[in-house]
Amino acid sequence: MRLIAGVIAGLALTPIFVPAQNVQPSRFEPVTDRDLSGDPRLAHSVSAAYARVYVGDLATRLQEQSGVDIAADTASGASDRRVLISVRDRPAWKVMSALASLLSYRLALWQWERRYLDGVAQYRLVRTRGAQALPARLNDEAQNELERLTAEAISASRRSHDEWLARLADPTPVSVEERAGWGLQVFATALPEDVQKAVLRGETRAKLPVDELPAFGRRLVEDLYRSMRPQTRRADGEITPAPMPTEIVADTSRGRGPTASLFLEMGSMGGYSYSGGLPLANAFRARLEHMWIGDGDRKSNEAEESRAMSVGVRHELAKGLLRYDPRWVELAERTDVPVLALAPTGRDSASFASDRVFSLRDYLGALVSRDYAIHKWRHDMLLITYAGWFRESQEVHACPWEAVRALRKACTDNEGLPPLDVLIRLAADLTPEQLQTLSDDWKPAESLIPIRGLLTAINRDDGLRTKLVTSGTLTLRGRPAGSLASGVSHVPADRVASLLVRATVVRTDGGHHLVITALFRDAQENNLGGWTARFSPLLP
């Protein structure tokens, strides 16, 4: 600021402040809530209601409503996260603050930054390096904790040879209290240490024949079988006793929680968790909660959480989505409290009873039991996340918002259908896992996975790509045909004499689709196989 004072016609003027020009930094700098609230343009009210929206898309919508340049950074991946939001008539700066808080953890922040261009402030949301590294760090910590607890439990349950002999001589069945220790000793003595680690890390499932187990392992199976008396249903419908299990399968299950559990499965008797389980998951959830609630957040809001929620299920927020978690959508729809959430993509189709009267507190408690949910409040907005987010496909294999935005724009300009050249680039640029994530919103993305290798090879050759895109047909013979066919078929490349790839738009009374067909034949023109996929219009 420059201080200007003057004297005109002998009259002293009151000193005034005027903005200095071109002195603001041109690079982005972090800003606080105080900085955001100090921009009068961000006091403009905004609204948003989506069951799952890319942060990059949400930033654009906030910009459209507020008139302020607001974006989510693409280089750091900030634009790629998808969130649930149900907010009506809230100041833009409060929604921006709540969004950053929803995704931030201590030492792993999502940070709003500001720069000035020609004296006008621009804002972008950035995923800091700590936030980018957080999912891998949490995965490592959860895994290390499971391995540590398993090793401690194995050590604590060890018995000497004489102790085992004495216990085996006692005919008293293995008790519930003893079961975990006996099972862990089976795991530790029947498997080499490297296999134990591979099982705990989810890299393999180990099968242990019961007749090869030590005596205490066979006794464990026999006692559990006698106490459980498992049954099976025959083909004719008759229920009969199930046979004694012949093997134990050691496996690591990850379920809905943030941590894994070591299971020993025994045929028709099913499996029990022998390490990890609910205690570890709850402890990890508590740790994440401590990391998540930061400065400016409130852990609870007694007045709002005690209010009764409305009844009825609409799922309007999720219109057009293929996979979503109904209970999280219903929470946003059954309360007038502003909600921002990092919600699971979709677990099952079950809802809480739509006619049951919940308080908001009870509903949140039900989400804790089911999904290890965590909640807090910021600017009187309810923020919800869940403890296992860091190992979900939508986080580990996030589909880049830039690719989705390009796909949407291309479809808008092409009667809703994805242009062929865009599909080819999409298959080449995204991993199979990212295409699977994209299929949560657009089911046909799954159809690209089987021919991703073929389309990637075509994309690498400008001539092949241009010919297919311009004419809709590509025919290859000889070695090139075999090489490309290997990307879509298990037929040996040397058997393939010709490959035909055709793309056509098919119009019917039910709508229009882009159909891509790949057919390959041998030297006698016999069909060796092929692949066909229909790509429906992309919903806005």
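Within every chain, residues take consecutive numbers counted from 1 along the sequence as written. Whole-chain, interface and lining totals are the exception, using all residues; otherwise, since this is a predicted model, local features are given only for residues with pLDDT of at least 70 and side-chain atom pairs are given and counted only at 80 or more. Working from all heavy atoms in the structure, the side-chain values ignore hydrogens and water.

Enquirer: So what's going on with the overall build of the chain? Residues and values would help.
Expert: A helix here means a DSSP run of H or I that spans at least four residues, while a strand means a run of E at least two residues long, and both kinds are numbered starting from the N terminus. In terms of helices and strands, the chain carries 19 helices and 23 strands. Relative accessibility under 20% of the residue-type maximum defines a buried residue, over 50% an exposed one, and the middle range a partly exposed one, all with a 1.4 Å probe and only protein chains included. Counting over 540 residues, the chain shows a buried share of 48%. Whether two residues are in contact is decided by their heavy atoms, any of which lying within 4.5 Å being enough. The contacts in the chain between residues at least 6 apart in sequence include a share of 63% that link residues at least 24 apart. To be clear on the numbers: accessible area is Shrake-Rupley with a 1.4 Å probe, and residue cover counts the displayed protein chains and nothing else. Put simply, the chain shows about 26,700 Å² of open surface, and 51% of that area lies on carbon and sulfur atoms. Each charge class in the chain can be summarised by its mean position, and for the 68 positive and 67 negative side chains these summaries are 3 Å apart. Asp and Glu are treated as the negative residues and Lys and Arg as the positive ones, with His and the ends of the chain left uncounted. Every charge is mapped to an atom, namely NZ of Lys, CZ of Arg, CG of Asp or CD of Glu.

Enquirer: Any details on unusual backbone geometry? Residues and values, ideally.
Expert: Most peptide bonds take the trans form, and the phi angle of most residues other than glycine is negative. With a phi close to 55 degrees, Asp89 is a non-glycine residue in the positive phi region. Following the sequence through the fold, Asp89 ends up in strand β8 (residues 82–91). Located in the positive-phi region is Glu415, a residue other than glycine, with phi close to 60 degrees. As for its position among the elements, Glu415 is in the loop between α14 (401–412) and α15 (420–429).

Enquirer: Which residues make up the sheet that holds strand β6 (residues 45–54), and what are the values?
Expert: Think of it this way: DSSP has to see at least two bridges between two strands before they count as a pair. On the basis of which strands lie adjacent, the open sheet formed by 5 strands has the order β6-β8-β17-β19-β18 and mixed pairing. Every interior strand has two partners, whereas the edge strands, β6 and β18 (373–378), have only one. Direction aside, the axes of adjacent strands within the sheet are offset by 20 degrees on average. In the sheet, β8 pairs with strand β17 (residues 339–341) via 3 bridges, with the strands oriented antiparallel. The residue of β17 that forms the bridge with Ser86 is Val339. Inter-axis angles, ranging from 0 to 180 degrees, are taken between N-to-C directions of lines fitted to C-alpha atoms, where helices are fitted over the stretch in contact. Contacts from helix α3 (residues 92–103) reach β6, β8, β17, β18 and β19 (381–386), with the element oriented near 155 degrees to β8. In this fold helix α12 (residues 360–371) packs onto β18 and β19, with an angle of close to 140 degrees to the strand it touches most, β18.

Enquirer: Give a description of the nonpolar core that names residues and reports values.
Expert: Residue types Ala, Val, Leu, Ile, Met, Phe, Trp, Tyr and Cys, when buried and joined through side-chain atoms within 4.5 Å, form a set referred to as a nonpolar core. If you look at the biggest cluster of nonpolar residues, it comprises 75 residues, and the most contacted ones within it are Trp112 and Leu331. With 9 residues, α3 is the single largest residue contributor to this core. Beyond its immediate chain neighbours, meaning those up to four positions away, Leu331 contacts Met309, Val339, Leu360, Tyr363, Leu364, Leu367, Leu382 and Ile384. Within the second largest apolar cluster, 44 residues are counted, among which are Trp401, Leu430, Leu474 and Phe535.

Enquirer: Talk me through the pattern of salt bridges; I want residue IDs and the actual numbers.
Expert: Note on definitions: salt bridges are taken to be side-chain nitrogens of Lys or Arg within 4 Å of carboxyl oxygens of Asp or Glu. Taken as a whole and assessed by the stated rule, the structure comprises 39 salt bridges. Close ionic contact of Asp441 with Arg52 constitutes a salt bridge, the shortest N to O distance being 2.7 Å. With Asp441 in the loop between α16 (432–438) and α17 (452–460) and Arg52 in strand β6, this pair connects stretches of sequence that are 389 residues apart. Among the salt bridges present, the one from Glu113 reaches Arg124, with a minimum N-O distance of 3.0 Å. Linking Glu113 in strand β9 (residues 110–117) with Arg124 in strand β10 (residues 120–127), this pair joins segments that are 11 residues apart in sequence. Overall, the relative accessible area of 13% leaves Glu113 in the buried class. The exposure class assigned to Arg124 is partly exposed, which follows from its relative accessible area of 26%. Each of Asp33, Asp297, Lys376 and Arg378 takes part in a single network of salt bridges with overlapping partners.

Enquirer: For helix α4 (residues 129–156), give the residues involved together with the corresponding values.
Expert: Within an α-helix, residues lying three or four positions from one another point in the same direction, as the helix has 3.6 residues per turn. Helices are assigned an expected span. That span is 1.5 Å times one less than the residue count. Over its 28 residues, α4 extends 40 Å from the first C-alpha to the last, a length consistent with the 40 Å expected when each residue adds 1.5 Å. What is called the bend at a residue is the angle between a pair of axes, fitted to the seven residues leading up to and ending at it and to the seven starting from it. The sharpest bend along α4 reaches about 40 degrees and sits at Pro135. Along α4, the residues classified as buried are Ala131, Leu134, Pro135, Leu138, Ala142, Gln143, Leu146, Glu147, Thr150 and Ile154.

Enquirer: Now, about the packing of α15 against α17: what can you tell me, with residues and values included?
Expert: For the pair α15 and α17, interaxial distance at closest approach is 8 Å and the crossing angle is 110 degrees. Overall, the two elements α15 and α17 adopt an arrangement that is roughly perpendicular. Residues Leu423, Ile424, Arg425, Ala427 and Ala428 of α15 pack against Arg452, Leu455, Thr456 and Asn459 of α17. Side-chain classes are defined by residue name, with Ala, Val, Leu, Ile, Met, Phe, Trp, Tyr, Cys and Pro counting as nonpolar, Asp, Glu, Lys and Arg as charged, and the others, Gly among them, as polar. Here the contact of α15 with α17 is composed, by residue class, of 5 nonpolar, 2 polar and 2 charged. Put simply, angles under 35 degrees are roughly parallel, angles over 145 are roughly antiparallel, angles from 65 to 115 are roughly perpendicular, and the rest are oblique.

Enquirer: Before we move on, can you summarise the sheet that holds strand β16 (residues 271–275) with the specific residues and values?
Expert: Within the open sheet, the 4 strands sit side by side as β11-β14-β15-β16. Their pairing is antiparallel. With partners counted over all chains shown, the strands left at the sheet margins are β11 (206–209) and β16, one partner each. Taken pair by pair, the neighbouring strands of this sheet meet at an average axis angle of 25 degrees, ignoring direction. The pairing of β11 with strand β14 (residues 247–253) spans 4 bridges and is antiparallel. Across the sheet, Lys207 pairs through a bridge with Val249, a residue of β14.

Enquirer: Explain the packing of aromatic side chains to me, and be specific about the residues and the numbers.
Expert: Remark: the centre distance and the inter-plane angle together describe each pair of aromatic rings, the angle taken between the planes. Pairing of aromatic side chains requires ring centres within 6.5 Å, counting the rings of Phe and Tyr and the six-membered ring of Trp. Pairs whose planes differ by under 30 degrees are stacked, by over 60 edge-to-face, and all others tilted. Inspection of every chain in the model, using the stated rule, returns 9 aromatic pairs. A centroid spacing of 5.1 Å and a plane angle of 85 degrees characterise the contact between Trp164 and Trp182, whose relative ring orientation is edge-to-face. Pair noted here: Trp164 is in helix α5 (residues 161–169) and Trp182 is in helix α6 (residues 176–190), with a separation of 18 residues, a long-range link. For Trp182, a relative accessible area of 1% gives the class buried. One aromatic cluster is present, built from ring pairs that chain together Tyr105, Phe284, Trp389 and Phe390. Only when the NZ of Lys or the CZ of Arg is both within 6 Å of the ring centre and within 35 degrees of the ring normal is a charge said to sit over the ring. Over the face of the ring belonging to Trp164 we find Arg159, whose NZ or CZ atom lies 5.0 Å from the ring centre. Geometry around Tyr272 places Arg179 over its ring, the cationic atom sitting 3.6 Å from the centre.

Enquirer: Please provide a residue-by-residue account of the pairing of strand β21 (residues 498–508), values included.
Expert: Looking along a regular strand, one sees side chains alternate from face to face of the sheet. Note that strand β20 (residues 473–477) and β21 share 5 bridges and pair antiparallel. Following the sheet pairing, Leu476 is matched in β21 by Leu499. Note: β21 against strand β22 (residues 511–521), 11 bridges, orientation antiparallel. Bridge pairing in β22 places Leu499 opposite Phe520. Taken together, β21 and the strand that follows it, β22, pair antiparallel across an intervening segment of 2 residues.

Enquirer: With reference to specific residues and values, describe the side chain of Ser157.
Expert: Position of Ser157 relative to the elements: it lies in the loop between α4 and α5. Since its relative accessible area comes to 17%, Ser157 is described here as buried. Pairs of N or O atoms are called polar contacts if they sit within 3.5 Å, as long as, within protein, a hydrogen donor faces a hydrogen acceptor (for residues adjacent in sequence, only side-chain-to-side-chain pairs). A polar side-chain atom of Ser157 sits 2.9 Å from the main-chain carbonyl oxygen of Ala153. In this structure the side chain of Ser157 is engaged in a polar contact, spanning 3.2 Å, whose partner is the backbone oxygen of Ile154. When residues no more than four places from it in sequence are discounted, the contact partners of Ser157 are Gly181, Leu184 and Gln185.

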